[in-house]
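# Descriptive analysis of the structure
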Amino acid sequence: MTTPARKILRNSFFGIASEAIGGALLFVVFIFIARFLGSEQFGVFSYILAFVGLFQLIADFGLTNVIVREISRAKDKAAHIMGAIIPLAWLFSLLIFGVIAFLGSFFSLSEEGYKATLIMGVAVLTTFHSVAYGSVCRAFEEMGFNAVGNVTHKIVLFLLVLTAIHFECTVVEIAEAFMLANIYQMMFFYIVVSRRYFKLSLRFDRRYWRYLIKEAFPIGLAMIFRRITLHVDTLLLTALSTTSSVGLFNAAYKVIQMIDMIPFTLSLPLFPPFTRLALESRERLFSFVTQALSFFMVIALPICALMIILAPQIVNLFFGAGYQEAAPTLRMLSCSVVFLFPTALYIYLFSALGHQKFYTISSAICLITKAGLDVWLIPLKAHYGAAIATLSAEIAFFLSGLIYLWRLGYLLPYLKIIYKPLFAVSISSLALMLGLFYDKEKTLVVLIALVCLYVILYLLLILAFGAVSRRQLTLLEETLRVKHGT
């Protein structure tokens with residue numbers, strides 16, 4: 001018999017493995033596309049992705065999160081629930097595609113760009129349906145299916161993109177590769193749901209639709225703010241600068257997005273204990289959050305320092321010499337890593353506390369900060385100005401969240417959390433920079449050796465300074481353990 005604790009452990013493993021493998025494959029896909037297209041055409045492709053990406057979450061509007069909650073509460077009614085949700089999802093999709101087609105005719109950079117926009121519009125809306133079906137697997141706590149679906153989707157996408165590159169295709173054919181891979185993923189989850197859980201019987205229930213939209217609204221609005229925040233730099237760079245600047249910025253930003261998958265994945269299994277502790281004792285909840293953040297910062301700080309130091313080598317390794325101008329941009333964006341890790345917990349922490357509105361407001365503050373600074377800085381500093389705006393926005397998001405948590409009775413001891421790992425990373429970084437100074441040729445083998453030494457030295461210092469204590473490990477283990485009847 002599978003216990004609740006084993007179920008959480010198993011699903012956490014599937015989630016982490018899926019995001020790690022899938023995220024790495026997607027990053028490789030974008031490396032190939034960026035190298036094949038060059039900075040200018042990659043800028044065009046990035047603009048199309050940003051434009052259509054805005055509409056994916058507008059179509060979703062937090063609906064998939066509500067699916068998980070509704071089915072988790074009443075698994076025997078899963079077929080009835082999904083039977084009402086799927087027609088609503090299709091109505092949203094058709095409406096949003098019409099908006100994409102209409103606005104795309106005005107904002108596309110060329111006729112070829114408009115065609116690619118329509119194809120990518122189908123691709124991102126197909127993803128919405130994939131996530132909806134995948135939410136059923138999440139609700140039944142069988143995330144192994146999600147892991148298989150996500151990883152195989154990235155493999156299919158990788159193979160299709162390689163085929164398009166082999167035949168020296170255009171942006172349009174690369175967009176078709178994304179669309180076909182997303183259709184595969186949707187069909188995979190549809191087959192899993194229909195064969196393992198229930199047969200779909202569609203129904204039109206306007207009263208239930210109104211209920212779903214009302215329930216999804218707060219988190220859906222926050223998710224839309226975060227998605228717009230993710231893409232606003234690309235859209236404003238396209239409007240206020242050059243497509244080459246768009247390509248350079250997105251090359252650096254893709255590295256940050258790959259790193260951002262780490263805190264996103266690590267925070268997923270923390271939602272259940274957050275919810276449980278919020279009901280039992282806020283004091284215990286906040287103590288647990290402090291310990292979790294300590295671990296997060298032990299991971300975040302060395303990654304941030306490493307990326308700042310090796311930004312030119314990272315850009316050259318992944319994207320080639322044609323993207324060297326992106327190195328300063330990557331350095332600036334790398335500073336945001338120390339804020340991405342703690343803010344990954346915000347959505348789960350505020351939801352557990354029943355104050356989702358604070359997360360929505362913080363997301364809005366982040367978006368306004370980013371858009372305002374983009375308008376000011378992009379005409380002056382192009383892609384580097386967009387990087388400054390991104391970092392400033394993440395700081396604003398972090399600080400606004402801290403203020404709202406303080407209003408709820410939680411004063412985050414941030415300086416106490418970071419001073420030991422910060423001291424350790426400072427010494428390790430100094431050693432790495434000395435190694436780079438004496439290595440004049442900077443060959444890949446030597447760089448890998450230096451990075452390995454950097455990591456080993458940092459870990460030894462962390463242990464020596466007691467940045468991770470046995471008490472913290474025990475507390476996390478006890479809190480994550482789910483007993484029968486809880």
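Since we're looking at a predicted model, the values are computed, not measured.

### A short note on the overall build of the protein
Looking only at helices and strands, one finds 18 helices and zero strands in the protein. Rg of the C-alpha trace for the protein: 23 Å, near the compact-globule value of 23 Å for 486 residues, within the 12% margin. Its C-alpha atoms give the protein principal-axis dimensions of roughly 70 × 60 × 40 Å. Looking at the protein as a whole, 53% of its 486 residues qualify as buried.

### Comments concerning empty space enclosed by the protein
One pass over the structure, following the stated rule, counts two cavities of 30 Å³ or more. Its volume calculated, the largest cavity comes out at about 60 Å³. What lines the largest cavity is simply Val-289, Leu-293, Pro-342, Leu-345, Tyr-346, Leu-349, Phe-398, Leu-402, Leu-405, Tyr-410 and Leu-412. Within the residue set of the lining of the largest cavity, elements represented by two or more residues are α10 (282-309), α14 (346-352) and α15 (356-407).

### Focus: the side chain of Ser-428
Examined against the element boundaries, Ser-428 turns out to sit in helix α16 (residues 414-438). Setting aside residues no more than four positions away along its own chain, Ser-428 makes contact with Tyr-454, Leu-457, Tyr-458 and Leu-461.

### Digging into the pattern of salt bridges
Opposite charge on two side chains permits them to pair, given that their charged atoms come into close proximity. Under the defined criterion, the tally for this structure stands at four salt bridges. Residue Asp-205 is joined to Arg-203 by a salt bridge in which the shortest nitrogen-to-oxygen separation is 2.7 Å. With relative accessibility at 24%, the residue Asp-205 sits in the partly exposed group. Residue classification places Arg-203 among the buried positions, given a relative accessible area of 18%.

### Overview of the environment of Glu-19
For Glu-19, the position within the fold is in helix α1 (residues 4-60). Here the alpha-carbon distance between Glu-19 and Asn-150, two residues 131 residues apart in the chain, equals 8.1 Å. Non-local contacts of Glu-19, meaning those with residues more than four positions away in its chain, are made with Ala-24, Met-261, Phe-264 and Thr-265.

### Remarks on a nonpolar patch on the surface
Among the surface-exposed residues, Leu-180, Ile-183, Met-187, Tyr-190 and Ile-191 lie close enough to one another that they form a single nonpolar patch of about 410 Å² accessible area. If you trace the backbone, Leu-180 turns up in helix α6 (residues 171-197).

### Re the environment of Met-297
Mapping Met-297 onto the fold places it in helix α10. The spatial distance from the C-alpha of Met-297 to the C-alpha of Phe-339 is 9.2 Å, given a sequence separation of 42 residues. In this view, Met-297 contacts Pro-302, Val-338, Pro-342, Tyr-414, Ile-417, Ile-418 and Tyr-458; residues no more than four positions away in its chain are not counted.

### Brief notes about the nonpolar core
Ranked by internal contacts, the top residues of the largest apolar core, which has 124 residues, are Ile-33, Phe-45, Phe-178, Phe-274, Met-307, Leu-330 and Val-337. Dropping the residues within four chain positions of it, Leu-330 is found in contact with Ala-252, Val-255, Ile-256, Met-307, Ala-311, Ile-314 and Val-315. By size, the runner-up hydrophobic cluster in this structure holds 30 residues, among which are Ile-67, Ala-84, Ala-139 and Trp-209.

### Structural notes on the packing of aromatic side chains
Counted under the stated rule, the structure contains 27 aromatic pairs. Centre to centre, the rings of Phe-188 and Phe-189 are 5.3 Å apart; their planes meet at 80 degrees, and the pair counts as edge-to-face. For the residue pair Phe-188 and Phe-189, the accessibility class agrees, reading buried in each case. Grouping aromatic residues by their ring pairs yields a cluster made of Tyr-346, Phe-350, Phe-358, Tyr-359, Phe-397 and Tyr-404. The lysine or arginine in question, Lys-254, covers the ring of Phe-30, its NZ or CZ lying 4.0 Å from the ring centre.

### Regarding the confidence of the model for the protein
Detailed reading of the predicted model is not advised wherever pLDDT is low. Looking at the protein as a whole, the pLDDT averages 85, with 90% of positions reaching at least 70. The secondary structure element of the protein with the lowest average pLDDT is helix α18 (residues 470-480), at 55, and the one with the highest is helix α12 (residues 327-334), at 96. A low-confidence stretch, residues 482-486 (pLDDT under 50), is modelled with seven contacts involving residues beyond four sequence positions or located in other chains.

### Digging into the environment of Ala-464
Along the polypeptide, Ala-464 turns up in helix α17 (residues 444-465). The spacing of Ala-464 and Lys-420 is 44 residues in sequence and 9.9 Å in space, taken between C-alpha atoms.

### Brief notes about unusual backbone geometry
If you check the backbone angles, Glu-168 has positive phi at about 50 degrees while not being a glycine. Considering the arrangement of structural elements, one finds Glu-168 in the loop between α5 (144-166) and α6. Residue Glu-168 is classed as exposed on the basis of its relative accessible area of 65%. Even without glycine at this site, Ala-382 takes up a positive phi of about 50 degrees. Inspection of the secondary structure puts Ala-382 in helix α15.

### A short note on the side chain of Asp-233
One can find Asp-233 in helix α7 (residues 206-240). Side chain to side chain, Asp-233 and Lys-370 meet in a polar contact 2.7 Å long. Once residues within four sequence positions are removed from consideration, Asp-233 is found in contact with Phe-249, Lys-370, Asp-374, Ile-378, Ala-386 and Thr-390.

### Things to note about the packing of α10 against α12
Following both chains from N to C, one finds α10 and α12 inclined at 165 degrees, their axes separated by 8 Å at the closest point. Overall, the two elements α10 and α12 adopt an arrangement that is roughly antiparallel. As α10 runs across α12, the sense of the crossing is left-handed. On α12, the residues touching Cys-304, Met-307, Ile-308 and Ile-309 of α10 are Leu-330, Arg-331 and Ser-334. A class-by-class count of the residues in the contact of α10 with α12 yields five nonpolar, one polar and one charged.

### Notes on the packing of helix α8 (residues 243-267) against α15
In contact at an axis separation of 14 Å, α8 and α15 are set at 100 degrees when each is read in the N-to-C sense. Between α8 and α15, the crossing angle belongs to the class labelled roughly perpendicular. Contacts between α8 and α15 involve Ser-245, Leu-248, Phe-249 and Tyr-253 from the first element and Lys-370, Ala-382, His-383, Ala-386, Ala-387 and Thr-390 from the second. Each residue belonging to the contact of α8 with α15 can be placed in one class, and the counts come to six nonpolar, three polar and one charged.

So, how was this worked out
- Residues numbered from 1 in each chain as written.
- Predicted model: local features only at pLDDT ≥ 70, side-chain atom pairs only at ≥ 80, totals over all residues.
- Heavy atoms only, no water.
- Helix = DSSP H or I, 4+ residues; strand = E, 2+ residues; numbered from the N terminus.
- Rg over C-alpha atoms; globule rule 2.2 N^0.38 Å.
- Buried < 20%, exposed > 50% of the residue type's maximum accessible area, 1.4 Å probe, protein only.
- 1 Å grid on protein atoms, 1.4 Å probe; cavity = no way out; pocket = protein on both sides within 12 Å on 5 of 7 lines; lining within 4 Å.
- Points joined across faces, edges and corners; volume = space filled by probe spheres on them.
- Contact = heavy atoms within 4.5 Å.
- Salt bridge = Lys/Arg side-chain N within 4 Å of Asp/Glu carboxyl O.
- Patch = residues over 30% accessible without salt bridge, like charges linked within 9 Å, V, L, I, M, F, W, Y side chains within 5 Å.
- Areas by Shrake-Rupley, 256 points an atom, 1.4 Å probe, with all protein chains shown as cover.
- Core = buried A, V, L, I, M, F, W, Y, C linked by side-chain atoms within 4.5 Å.
- Phe/Tyr/Trp six-rings, centres within 6.5 Å; stacked < 30°, edge-to-face > 60°.
- Lys NZ or Arg CZ within 6 Å of the ring centre and 35° of its normal.
- pLDDT = per-residue confidence, 0-100.
- Polar contact = N/O pair within 3.5 Å; in protein donor to acceptor, adjacent residues only side chain to side chain.
- Axes fitted to C-alpha atoms, helices over the stretch in contact; angles between N-to-C directions.
- Parallel < 35°, antiparallel > 145°, perpendicular 65-115°, else oblique.
- Left-handed = near helix turned anticlockwise from the far one by under 90°.
- Nonpolar A, V, L, I, M, F, W, Y, C, P; charged D, E, K, R; others polar.

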